[in-house]
Amino acid sequence: MTFAFSKRLHSAALLFCSTQVVMGLLFGAASAAEAGWRPYEVPPSNINAEKIPVALFYPTQEPMRSIMVGSFTIHATPMAAPEAKTKGLIVISHGTGGSEFGQSSLAEALARDGYLVAALRHPGDNYQDGSLWQKPLGAYFTERPRQVSRLIDALLADPEWKDRIATDAKGPRIGAAGHSAGGYTVVALAGGRVDLSRMGTHCAKDAAQDPISCSMVRDVHHMHAPLVLESTTDPRVRAIVAMAPVGVMFTEQSLKAITVPALIYAAERDHWLPPRFHAAWIGQNLPGATYRIVANAGHFAFMNPASAPIPTLDGDISANPLGFDRAEFLKQLGEEVPAFFDRALTLAPNAINSNVSP
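Residues numbered from 1 in each chain as written. Predicted model: local features only at pLDDT ≥ 70, side-chain atom pairs only at ≥ 80, totals over all residues. Heavy atoms only, no water.

Side note on the overall build of the chain
The test is simple: Each helix is a run of DSSP H or I of at least 4 residues and each strand a run of E of at least 2, with the numbering of both proceeding from the N terminus. Only protein chains enter the area calculation, which uses a 1.4 Å probe; residues under 20% of their type maximum are buried, those over 50% are exposed, and those in between are partly exposed. Working rule for contacts: check all heavy atoms of both residues, and any pair within 4.5 Å makes them a contact. Residue exposure ignores everything except the shown protein chains as possible cover, and the areas themselves are Shrake-Rupley values with a 1.4 Å probe.
Summing up its helical and strand segments, the chain has ten helices and 13 strands in all. For the chain, the residues scored as buried account for 58% of the 358 residues in total. Taking contacts inside the chain between residues at least 6 apart in sequence as the whole, the part at least 24 apart equals 77%. Taken as a whole, the chain presents about 14800 Å² of accessible surface, with 56% of it coming from carbon and sulfur.

Next comes the structure, spelled out in structure tokens:
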């Protein structure tokens, strides 16, 4: 194998294969599907003045079409007719300055596997608008997960989509996946609490080893008193996947209290969010989480390559460390993440998670 995910990958694959009968009983027999997509929007309200643009991906029986949307190629048929039922809802949260199409290959894989996937464009933190960074830092960390909860609210109330989302005795089957700041977002939805003083202490001590993320934080020297933010937990989110997440600000106590199944990815050559400060802090403290290091991967390994250069503080998003095959990795990710959600949303949590040391 090209990528050192873990020695448990083969056993995880065997577990997935052995549960296909269970999946058929729980979800019902389903014919092979392609992915469709269409735009969606969460409207403003009296409480929230900002609309939320969304790309919905879903299973369809219509033939696949490829189309360019901005800088990304989408391999899903626009405005295709959706299937009457899906396995559940998966929300995808992008990283800082990103868009709803940055993880479209993962969204497509989840849709082909039978899920309704809602990839949102975070208001105030996307490629067109960085205004959320101009607010107090606490607002950044609370508004992002609340935007995801607004999206879940909208889809569960929408007559076109609510009955397509599978439910069981616990309610709707809902998971969340996120990259970078999106990885933070999904962990916060699962119960992670932020103490801003942890970030202040970290950047005062370790800025030379974590220069990019610490350079983005204003007034870091004033963050030494405990500044624990209010919870943004959404109990409807029943499983999470965090890819190269920002995590140093999470309290150890809150991470240890999280009970939902979790899959945490670290990129070995991540210069933006060095794993030892971020992904590893989450993976080592979240009980039972599967923690996997992607060998030779950079921070943007979890994103689709773009058709034109997109510069960042850590270079172009499409650039890869020498020898890293992003296309092959994204294909593997598109197999492993749907398999994880299949297990997490249908089986007991202790059948899902496994500790994997870094």
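Alright, that's what it looks like, and here's the rest.
Let's talk about the state of the cysteines
Heads up, the rule is: The disulfide criterion is simple: two cysteine sulfur atoms within 2.5 Å.
Across all of its chains, the model carries one disulfide by this definition. Note that Cys203 is cross-linked by a disulfide to Cys214, the S-S spacing being 2.1 Å. Classification of the bridge connecting Cys203 and Cys214 rests on its S-S torsion, roughly -85 degrees, and on that basis the disulfide is left-handed. Taken as a pair, Cys203 in helix H6 (residues 196-206) and Cys214 in helix H7 (residues 211-215) lie far apart in primary sequence, eleven residues in all. In this pair, the class of Cys203 matches that of Cys214, namely buried.

Some points on helix H5 (residues 181-190)
Among the ten residues in H5, ten count as buried, and that is most of the element. For H5, the full list of buried residues reads Ala181, Gly182, Gly183, Tyr184, Thr185, Val186, Val187, Ala188, Leu189 and Ala190. Considering only its buried residues, H5 is in contact with strand E6 (89-93), helix H4 (137-157), strand E10 (174-179), strand E11 (240-243), helix H8 (252-256) and helix H9 (279-285).

Comments concerning the confidence of the model for the chain
Low-confidence regions, as indicated by low pLDDT, have predicted coordinates that should not be scrutinised in detail. What counts here: Every residue gets a pLDDT, meaning the predictor's confidence in that residue, from 0 to 100.
Scored by pLDDT, the chain has a mean of 89; 86% of the residues are at 70 or more. With pLDDT under 50 throughout, residues 1-30 is counted as low confidence; its partners more than four residues away or in other chains account for 46 contacts. Residue range residues 348-358 is modelled with pLDDT below 50. Its contacts to residues more than four positions away, or to other chains, number 32 contacts.

What about empty space enclosed by the protein?
This is how the line gets drawn: A cavity here means a set of 1 Å grid points, computed over protein atoms only, where a 1.4 Å probe fits but cannot escape. A pocket is an open set with protein on both sides within 12 Å along at least 5 of 7 lines, and lining residues have an atom within 4 Å of a point. Grid points are joined across faces, edges and corners, and a volume is the space filled by probe spheres set on the points. Ten residues, namely Ala, Val, Leu, Ile, Met, Phe, Trp, Tyr, Cys and Pro, are considered nonpolar, four, namely Asp, Glu, Lys and Arg, are considered charged, and the remaining ones, Gly among them, are considered polar.
Counted by the stated rule, this structure contains two cavities of 30 Å³ or more. Quantified by volume, the largest cavity comes out at close to 190 Å³. Lining the largest cavity are 19 residues, with Trp133, Ser213, Met216, Val246 and Leu273 positioned closest to its centre. For the lining of the largest cavity, the elements supplying multiple residues, two or more each, are H4 and H6. Among the elements that line the lining of the largest cavity, the one with the most residues is H6, at three residues. Quantified by volume, the second largest cavity comes out at close to 40 Å³. Forming the boundary of the second largest cavity are Phe141, Thr142, Tyr184, Gly192, Arg193, Val194, Leu229, Glu230, Ser231 and Thr232. Among the residues making up the lining of the second largest cavity, the classes are represented as four nonpolar, four polar and two charged.

Quick word on the sheet that holds strand E7 (residues 116-120)
Sheet strands pair by backbone hydrogen bonding; their relative direction is either parallel or antiparallel. We count it as follows: When DSSP locates at least two bridges between a pair of strands, those strands are taken to pair. Note on geometry: axes are lines fitted to C-alpha atoms, helical ones only across the stretch in contact, with angles between N-to-C directions running from 0 to 180 degrees.
Strand order in the open sheet formed by nine strands is E5-E1-E2-E7-E6-E10-E11-E12-E13, with mixed pairing between adjacent strands. A single partner strand is all that each edge strand has here, and the edge strands are strand E5 (77-78) and strand E13 (290-294). Pairing of strand E1 (residues 34-42) with E5 involves two bridges; the strand directions are parallel. Along E5, the bridge assignment pairs Trp37 with Pro78. Against the sheet, helix H3 (residues 104-112) touches E1, strand E2 (52-60), E6, E7 and E11, its axis set at about 40 degrees to E2.

Details of the nonpolar core
Let me state the cut-off plainly: The criterion is simple. A nonpolar core is a set of buried Ala, Val, Leu, Ile, Met, Phe, Trp, Tyr and Cys residues joined through side-chain atoms within 4.5 Å.
Core analysis: the biggest nonpolar cluster contains 106 residues, and Phe57, Phe141, Phe250, Phe302 and Phe341 have the highest contact counts within it. Considering each element in turn, this core owes the most residues, eight residues, to H4. Ignoring anything within four residues of it in the chain, the contact list for Phe341 reads Ile90, Leu110, Tyr115, Gly175, Ala176, Ala177, Ala239, Ile240 and Val241.

Some remarks on the packing of aromatic side chains
Put simply, the test is: Only Phe, Tyr and Trp rings are paired, with Trp represented by its six-membered ring, and only when their centres lie within 6.5 Å; those with planes under 30 degrees apart are stacked, over 60 edge-to-face, the remainder tilted. Look at NZ for Lys and CZ for Arg. If either is within 6 Å of the ring centre and within 35 degrees of the ring normal, a charge sits over the ring.
Tallying each qualifying case throughout the model produces twelve aromatic pairs. For the pair Phe340 and Phe341, a centre-to-centre distance of 5.4 Å together with 65 degrees between the ring planes defines the contact as edge-to-face. An identical accessibility class is assigned to Phe340 and Phe341; each is buried. Here the aromatic residues Trp133, Tyr140, Phe141, Tyr184 and Phe250 are joined through ring pairs into a cluster of three or more. Against the face of Trp161 rests Arg164, its NZ or CZ located 5.4 Å from the ring centre.

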